[in-house]
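Structural characterization, general
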Amino acid sequence: MEKKSVNSEIDNLDMQILSILMEDATIPYTEIAKKLIVSGGTIHVRMKKMQDLGIIKGSNLVVDPQKIGYDVCAYLGIYLEKGSTYKDAVAKLVKIKEIVELHYTTGAWSMFAKIICRDTNHLREVLNENIQTVEGISRTETFISLEESIKRQINLDL
């Protein structure tokens, strides 16, 4: 039996709904329905379908970390001793709340992480006492972000 791709199960209306909500996730379904000239029920059904397909993974509140005292954003290239230690390392790294993103990568590093800390002392503590003590991590390279110039969702090109 041939597996259908997710793309074949969504249409232009679904893409329009996604586009609107990616701009502002607080827009009521009734307002989306008016914009797209469909019923509110249609929006509910389409949203449920896209959630079931895993296209929509949830929604969250976006907070500016600097405004609540987290002034340092750093990126960390993580070298593993062996690729086979990846899953165990991730199981330990997921417990470090300052790591807000972690990617398994190709290239020089095995993993690449985004870390948010209060200040450089907090960053040093997280690096030295939490991350670099994880079994399987051989070394790390840290890059401190001076400014976030672009942050956005993908463009759906409608």
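You'll find the structure just up there.
These remarks concern the structure in this document. Just so we're clear, the structure is a prediction, and the values are computed from it rather than from any experiment.

**Description of the packing of aromatic side chains**
Each pair of aromatic rings is reported with the distance of its centres and the angle of its planes. One pass over the structure, following the stated rule, counts 4 aromatic pairs. Cluster of aromatic residues (ring-pair linked, three or more members): Y75, W109, F112 and F143. Of note, R139 hangs over the ring of Y79, and the distance from its end group to the ring centre comes to 3.9 Å.

**Things to note about the environment of L156**
When you line up the elements, L156 lands in the segment after β4 (137-144). Each C-alpha atom, one on L156 and one on G41, is 23 Å from the other, the two residues being 115 residues apart in sequence. Excluding residues that lie within four positions of it along the chain, L156 makes contacts with M15, L18, S19 and M22.

**A closer look at the environment of E98**
You can see E98 is positioned in the loop between α4 (86-93) and β2 (99-104). Along the sequence, E98 and I115 sit 17 residues apart, while their C-alpha atoms lie 5.3 Å from each other. With residues near it in sequence (within four places) discarded, E98 still touches K114, I115, I116, C117, H122 and V126.

Thresholds, definitions, all that
- Residues numbered from 1 in each chain as written.
- Predicted model: local features only at pLDDT ≥ 70, side-chain atom pairs only at ≥ 80, totals over all residues.
- Heavy atoms only, no water.
- Phe/Tyr/Trp six-rings, centres within 6.5 Å; stacked < 30°, edge-to-face > 60°.
- Lys NZ or Arg CZ within 6 Å of the ring centre and 35° of its normal.
- Helix = DSSP H or I, 4+ residues; strand = E, 2+ residues; numbered from the N terminus.
- Contact = heavy atoms within 4.5 Å.

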